[in-house]
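One letter stands for each residue in the lines below.
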Amino acid sequence: MVCAWIDHTYRELRHAAELRVFNPFDASLVACYQEATAREVDAAITSARKAFDDGPWPRMSGTERARALQRLAKLLQNHLQGLAELEIQEAGVTRRKFERMDARLVPEAFHIAAQRAAQDSIREELPAFATGVSASPNYLLRQPWGVCGLITPWNMPLVLAAWKIAPALAAGNCVVIKPSEYTISSTLRLAELAAEAGIPAGVLNVVLGRGPSTGEALLRHRGIDKVSLTGSTQVGHRVQQLTSSRFLPTNLELGGRNVSLVTATDDIEGVARGLLWAAYLHNGQICVAGSWAFVPEEKVSALTVQMVNLMDQLQLGNPALASTDLGPLIHRKHRDHVLNYVNGLMGKGAQLVKGGETPQDPLLSQGAFLTPCLLQGTIQHYQTIQTEVFGPVLTLVPYRCIDEATRAINESPYGLAASVWGQDSDQLTALAERLDVGTVWVNQHHVLSPEYPFVGRRQSGLGTDLGWEGFRSFQKTMRVHLDVTAARDQEAFFYSALLPQVR
Ligand code: NAD
């Protein structure tokens, strides 16, 4: 059994805690791994340190690194079929979602990172520092941090690993990544393919284990120069606690409680389709999922009818089948969390419109299935229920005044994403710009790409992932000031002992 991938080699321990990975569709055992101990974490970080301090990777030109990353992108493209099986079996990703979304996003992450590595100007001229008699050239140098500790969640394991690894490597860093204990295999496969692509040993290492043990061993290690986590806000707080005492630069991409904000529109069917997509894609287990929809009061009943009609057509089932829209949730404990959330909302007066049940179909009885749930609530519910649901639950909220709706969104402790829906583009754009969130879509939802920066405000995160800004977060900067001694301003060092002597 494997506990880590270090220096292009799988590591096994004689005695270690087991990590069992189950298929959320039928609870069958898919894979068995071991938990990496602090010693294995140390070995992984030492390997990355050596690759960074003495190896070729950070010393290559951006163009050379780009070539290796392009080779990896191509290998990933060629192995999508096998990668799809891993994501279906471990994360319950549907085949349709993998083929239509992840299959594009994963190679794209490495293509774009390669382009950035090739285009990046690591030296940027700054205005010369001008004094009385001379002007000293100044420039900014961009350098990789060194060894990056990356931690990823279970909801989109391969995409999120690619979104962290690709820019980190492109900038010249070496990496130790810990995937979620629920979804391990695709990250290991990515590391194998990186080796095949010619990325040198030690540049990309993987350690397996749970957060409080292996994850914290990684964060506490003195050999880590930069941390990037994608996960829940709760874990983000803990990670921040551990890294802030050392002022370790830390990116946190955390949870959301995102609203689809509907304006007065006649296209009720179009809006219903959009809200369904926003809320239920991958069972709402996406940080930007639109789990709340604020709707003009007079449109709620027509919209509800359309939503119910569309929800009736969603196919729940085996994620491996091409016809399935919604597979299982990640595991039963998570399903219980979602059910508790729904019951909690109903206990506070929200009304169940549809769903929120474990399906009757005996073929689905072993899996963590839940029928997509539609509730009707109030703005007060949005304000009091502060937790993220991360499940297939959409709460429709009627509003009378758009200002009341935007205020509730802007006062939420989360500030990840939102979408605005309607027909008047100018009005929608103005409305979008009033929302205090990191990403906002107009008549769209879920469109993310490493082309564009992704950032969470307030408790949704710290620092930017993706885009040029995300790439830059894997670099540190240095200012260099060049004084030409012969031309130095004679008055620059103004202590008497240093001033030129009057002869
Ligand atoms: P999680 O926070 O429970 O775990 C995320 C990762 O952190 C896992 O690898 C876990 O093992 C590790 N971890 C847990 N405790 C740790 C600790 N004490 N020290 C170090 N590492 C620790 O999240 P999850 O349940 O795997 O994923 C769902 C969450 O991720 C949701 O809240 C979702 O919103 C969030 N998410 C955010 C984004 C984003 O980009 N903003 C994207 C996807 C998911």
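Since we're looking at a predicted model, the values are computed, not measured.

> What is the right way to look at the overall build of the chain in this model?
Within the chain, the secondary structure is distributed over 15 helices and 24 strands. Here the C-alpha atoms of the chain give a radius of gyration of 25 Å, agreeing with the 23 Å that 2.2 N^0.38 yields for 503 residues. Going through the 503 residues of the chain one by one, you find that 55% of them count as buried. Taking the contacts inside the chain whose residues are at least 6 apart along the sequence as the reference set, 73% of them involve residues at least 24 apart. When the accessible area of the chain is evaluated, it comes to approximately 21,600 Å², of which 52% is carbon and sulfur surface. In the chain, 46 positive and 49 negative side-chain charges are present, and the distance between their average locations comes to 6 Å.

> What am I meant to see in the pairing of strand β4 (residues 29–34) here?
On a regular strand, each side chain points to the face opposite its neighbour's, so the side chains alternate between the two faces of the sheet. In this sheet, β4 lies alongside strand β3 (residues 18–22) in antiparallel orientation, the contact comprising 5 bridges. Of the residues in β4, the one forming a bridge with Phe-22 is Leu-29. Hairpin geometry of β3 and β4 is characterised by an intervening segment of 6 residues between the two adjacent antiparallel strands and by a positive phi of about 65° at Ala-27.

> Explanation requested: the environment of Glu-124 in the structure shown.
Of note, Glu-124 is situated in strand β5 (residues 123–130). The partly exposed category is assigned to Glu-124, whose relative accessible area is 33%. As a C-alpha pair, Glu-124 and Ala-68 span 56 residues in sequence and 25 Å in three-dimensional space. In this structure, Glu-124 is in contact with Tyr-139, Leu-140 and Arg-142, ignoring residues within four places of it in sequence.

> Honestly, the site of the ligand in this entry has me stumped. Any pointers?
What surrounds the ligand is a group of 28 residues, the closest being Thr-152, Glu-181, Ser-232, Leu-254 and Glu-388. Take Glu-216: an N or O atom from its side chain is 2.8 Å from a nitrogen atom of the ligand. Between an oxygen atom of the ligand and a side-chain N or O atom of Ser-232, the distance comes to 2.6 Å. In isolation the ligand has 850 Å² of accessible area, and contact with the protein removes 90% of it. At the level of elements, α7 (211–220), β10 (226–230) and α8 (233–244) are the ones that each hand at least two residues to the shell around the ligand. No other element matches the 4 residues that α7 contributes to the shell around the ligand. The residue makeup of the shell around the ligand, split by class, is 13 nonpolar, 9 polar and 6 charged.

> Can you walk me through a nonpolar patch on the surface in this structure?
Taken together, the side chains of Phe-493, Phe-494, Tyr-495 and Leu-498 present a nonpolar region at the surface, about 510 Å² in accessible area. On the secondary structure map, Phe-494 appears in the segment after β24 (475–481). Residue classification places Phe-494 among the exposed residues on the basis of a relative accessible area of 62%.

Conventions and cut-offs
Throughout, a residue's number is its position along its own chain's written sequence, starting from 1. This being a predicted model, a pLDDT of at least 70 is required before a residue's local features are given, and a value of 80 or more before pairs of side-chain atoms are given or counted; all residues contribute to the totals for chains, interfaces and linings. Excluding hydrogens and water, the side-chain figures rest on all heavy atoms present in the structure. Note on conventions: DSSP H or I runs of at least 4 residues are helices, E runs of at least 2 residues are strands, and numbering of each starts at the N terminus. Computation of the radius of gyration draws on C-alpha atoms, with the globule rule given as 2.2 Å multiplied by the number of residues to the power 0.38. Any residue under 20% of the maximum accessible area for its type is buried, any over 50% is exposed, and the rest in between are partly exposed; the area is computed with a 1.4 Å probe on protein chains only. Whether two residues are in contact is decided by their heavy atoms, any of which lying within 4.5 Å being enough. Only the protein chains shown count as cover for residues, and the accessible areas themselves come from Shrake-Rupley with a 1.4 Å probe. In this tally Asp and Glu are treated as negative and Lys and Arg as positive; neither His nor the chain ends contributes. To locate a charge, the coordinates of NZ of Lys, CZ of Arg, CG of Asp or CD of Glu are taken. A pair of strands is labelled paired if DSSP reports no fewer than 2 bridges between them. The nearness test applies per residue and asks whether one of its heavy atoms lies within 4 Å of the molecule or strand. N or O atoms within 3.5 Å of each other form a polar contact, as long as, within protein, one can give a hydrogen and the other can take it, and as long as residues adjacent in sequence are counted only when both atoms are side-chain atoms. All residues other than Ala, Val, Leu, Ile, Met, Phe, Trp, Tyr, Cys, Pro, Asp, Glu, Lys and Arg, Gly among them, are scored as polar; the first ten of these are nonpolar and the last four charged. Patch definition: residues with relative accessible area over 30% and no salt bridge; like charges joined within 9 Å; nonpolar side chains (Val, Leu, Ile, Met, Phe, Trp, Tyr) joined within 5 Å. Salt bridge criterion: a side-chain nitrogen from Lys or Arg within 4 Å of a carboxyl oxygen from Asp or Glu.

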